[in-house]
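# Summary of structural features
The lines below spell out each chain.
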Amino acid sequence: SATPVWAADLIDVYQQAAQSDPVYQAAVSTRLSHREALPQSIAGLLPNLSGTANTTGNRVGTSNAKTLRSLEGTSNYNSKGYTLTLTQPLLNFANWAQVSQANYTAKQADASLAAAAQDLIIRVAQAYFNVLYAQDNLQYVQAEKTAYAKQLDQIKARYSVGLDAITSVYNAQASYDSTVAQEIAAQNTLHDNQETLRQLTGQTYPSLANLKIELPLLTPQPNDVEQWVNTATQHNSQLIASTYSMEAARQNIKANFGNHLPTLNAVSSYGRTSNNGLQSINQDTRTIGLQLSVPIFSGGLTSSRVRQAQDDFQTASANRENQYRQTMVTTRQKFNDVLAGISKIEADRQATLSAQSSLDSTQESFKVGTRTIVDVLNAEQALYQTKSNYSQDEYTYLLNTLLLKQASGTLRPSDLAEINNWLHGVDKRNQTLVSTQLATPDLTSEKPAKKSTHHKTVKKSPKHPKN
């Protein structure tokens, strides 16, 4: 017996992408790099211990100052020593501001990684759905080509016995030739989409799990766009990152202004020197004191850096405001897209039934001579185009539900697990396709979390097979 082909599902692809996607891996390492700013800034508040050591070879000669003649010849000896210095900052406004700045930078790095994790979910889902739609579309084109080939054979047979004109043969042949070209284009699109998926995971997939049951249409809950917008303004990861970036820029102004202010350090040192000359001398030195440094003039460097930091803050503020507006607009758009997607899919289902009925009626009329072959070909084309639109609208709806979650800042891997249930034919009406619970998720987890239930099922149209 033939060995069954294993079909990867959405979760398989996502987990592989989480390990292999270069964009996400770069985001992980970038976050680790940016978080190092915090311990680096804290180091400026902690004691600093430094040591120096030296050894010197000496050659000493004595001579008569009048005759310049050597009196006792020369002597060679070595002197050496070391010094340990401990410095504890007591008052340094710039260093404290840098710690606050680094803290915001670390938080920005966390939010940016969360945004990258959500973006990975979207890119995986979009690439996966594109492959599924390309497969569906290719299937529809091939079915259309088969139907046209059958029509062409029938028309040729009718023409051979004088029941149809040569024009009907030409029309049927043109339609068939057109679907041959469409099949080539559909196959190429499928290969391109498979390569896009391969870019994410580094793997090729002979088979992908697709929808095995009729897709339920689920409205977002709560069904109030303003509540989604309110959640987005609090939890959208990109907005949070831009807010922390603005606050870090604000602290950078303080850090640079702090270079105008005096600094006070406690300094303690211990030194030991030894001289092995004519007389061996060892000397120990211990000091402790306060060191006050007052900046007076630095050529305008400090003032320039303060102005630059102020300009950077204005840029960060503008970027944050733009992200805030974009977040609200995107949330409203995706909320409306989900609702519109529900209406489109319901219309597609009815349109597919109508197109099938129209084709059946046209074929019967053609048999009795009241319709032409062109009418039949047009009806067949309309049917398969409607099926293609139906398939595309389903995947667009699924993607928009994820994009709505991303905009609101609540997208997480468990949302893919919900969709994955439908790919495996799990039909549980008390569960949801995509969770819409307005809560802050853990977005750095690579494993799907448990499913949640916060969608409302819309009344469904009669089930219609896609093929």
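Residues numbered from 1 in each chain as written. Predicted model: local features only at pLDDT ≥ 70, side-chain atom pairs only at ≥ 80, totals over all residues. Heavy atoms only, no water.

### What about the nonpolar core?
- Core analysis: the biggest nonpolar cluster contains 59 residues, and Tyr128 and Leu208 have the highest contact counts within it.
- Counting residues per element, this core draws most heavily on helix α4 (residues 93-160), at 16 residues.
- Residues contacting Leu208, with those up to four places away along its chain left out, are Ala7, Ala8, Val13, Tyr128, Val131, Leu132 and Leu197. (Core = buried A, V, L, I, M, F, W, Y, C linked by side-chain atoms within 4.5 Å. Buried < 20%, exposed > 50% of the residue type's maximum accessible area, 1.4 Å probe, protein only. Helix = DSSP H or I, 4+ residues; strand = E, 2+ residues; numbered from the N terminus. Contact = heavy atoms within 4.5 Å.)

### A look at α4
- Its 68 residues place the ends of α4 98 Å apart at the C-alpha level, agreeing with the 100 Å of an ideal helix rising 1.5 Å per residue.
- Two or three places before Ala94, at the opening of α4, Asn92 has a side-chain oxygen 3.3 Å from that residue's backbone nitrogen.
- A positive phi of about 85° marks Gly162, the residue just after α4. (Expected span 1.5 Å × (residues − 1). Polar contact = N/O pair within 3.5 Å; in protein donor to acceptor, adjacent residues only side chain to side chain.)

### Things to note about a nonpolar patch on the surface
- On the surface, a nonpolar cluster with roughly 370 Å² of combined accessible area is contributed by Leu49, Tyr82, Leu84 and Leu86.
- Of all the elements, strand β2 (residues 70-91) adds the most residues to the nonpolar patch, at 3 residues.
- Secondary-structure assignment places Leu49 in strand β1 (residues 48-63).
- Residue Leu49 is classed as exposed on the basis of its relative accessible area of 61%. (Patch = residues over 30% accessible without salt bridge, like charges linked within 9 Å, V, L, I, M, F, W, Y side chains within 5 Å. Areas by Shrake-Rupley, 256 points an atom, 1.4 Å probe, with all protein chains shown as cover. Salt bridge = Lys/Arg side-chain N within 4 Å of Asp/Glu carboxyl O.)

### Here's the deal with the pattern of salt bridges
- Tallied over the entire structure, the rule returns 17 salt bridges.
- Here Glu183 and Lys145 are joined by a salt bridge, their closest N and O atoms 2.7 Å apart. One end of the pair, Glu183, is in helix α5 (residues 166-201); the other, Lys145, is in helix α4, and 38 residues separate them in sequence. Take Glu183 and Lys145: they sit in the same class, and that class is buried.
- Ionic pairing is found between Arg349 and Glu214, a salt bridge with its closest N-O pair at 4.0 Å. Remark: Glu214 occurs in the loop between α5 and β3 (218-220) and Arg349 occurs in helix α8 (residues 301-367); sequence separation between them is 135 residues.

### A word on unusual backbone geometry
- Here the amide bond leading from Gln221 into Pro222 is cis, since omega sits at 5°, within 30 degrees of zero.
- Tracing the backbone through its elements, the reader meets Pro222 in the loop between β3 and α6 (225-235).

### Here we look at the confidence of the model for the protein
- Residues at a pLDDT of 70 or more form 86% of the protein, whose mean pLDDT is 86.
- Summarising per-element confidence for the protein, the mean pLDDT is lowest in strand β6 (residues 455-457) (42) and highest in helix α7 (residues 237-257) (96).
- Segment residues 428-467: pLDDT under 50, and 129 contacts once partners within four positions in sequence are set aside and those in other chains are kept. (pLDDT = per-residue confidence, 0-100.)

### So, the environment of Asp21
- Turning to its location among the elements, Asp21 is positioned in the loop between α1 (10-20) and α2 (22-35).
- Taking the relative accessible area as the measure of exposure, Asp21 reaches 2% and is therefore buried.
- C-alpha of Asp21 to C-alpha of Thr201: the two residues are 180 residues apart in sequence and 5.8 Å apart in space.
- Excluding residues within four positions of it along the chain, Asp21 makes contact with Leu120, Arg123, Gln199 and Leu200.

### With respect to the packing of helix α9 (residues 373-408) against helix α10 (residues 413-423)
- Running from N to C, α9 and α10 cross one another at 160°; their axes reach a closest spacing of 11 Å. Taken together, the axes of α9 and α10 lie roughly antiparallel to each other. The two elements α9 and α10 meet at a crossing, and its hand is right-handed. Between α9 and α10, the contacting residues are Leu398, Leu402 and Lys405 on the first element and Asp415, Leu416 and Ile419 on the second.
- Of the residues in the contact of α9 with α10, the class split is 4 nonpolar, no polar and 2 charged. (Axes fitted to C-alpha atoms, helices over the stretch in contact; angles between N-to-C directions. Parallel < 35°, antiparallel > 145°, perpendicular 65-115°, else oblique. Left-handed = near helix turned anticlockwise from the far one by under 90°. Nonpolar A, V, L, I, M, F, W, Y, C, P; charged D, E, K, R; others polar.)

### Concerning the packing of aromatic side chains
- Taken as a whole, this structure holds 4 aromatic pairs when the rule is applied.
- Pairing Tyr104 with Tyr244 gives two aromatic rings, centres 6.3 Å apart and planes at 35°, and the pair type is tilted. One end of the pair, Tyr104, is in helix α4; the other, Tyr244, is in helix α7, with 140 residues separating them in the sequence.
- The exposure class of Tyr104 is partly exposed, given its relative accessible area of 22%.
- Of the residues examined, Tyr244 reaches a relative accessible area of 24% and is grouped as partly exposed.
- Taken together, a centroid distance of 5.8 Å and an interplanar angle of 20° make the contact between Phe129 and Tyr395 stacked. On the criterion of sequence distance, the pair formed by Phe129 in helix α4 and Tyr395 in helix α9 is long-range, its members being 266 residues apart.
- Here a set of aromatic residues connected by ring pairs shows up, and it is made of Tyr128, Phe129 and Tyr395. (Phe/Tyr/Trp six-rings, centres within 6.5 Å; stacked < 30°, edge-to-face > 60°.)

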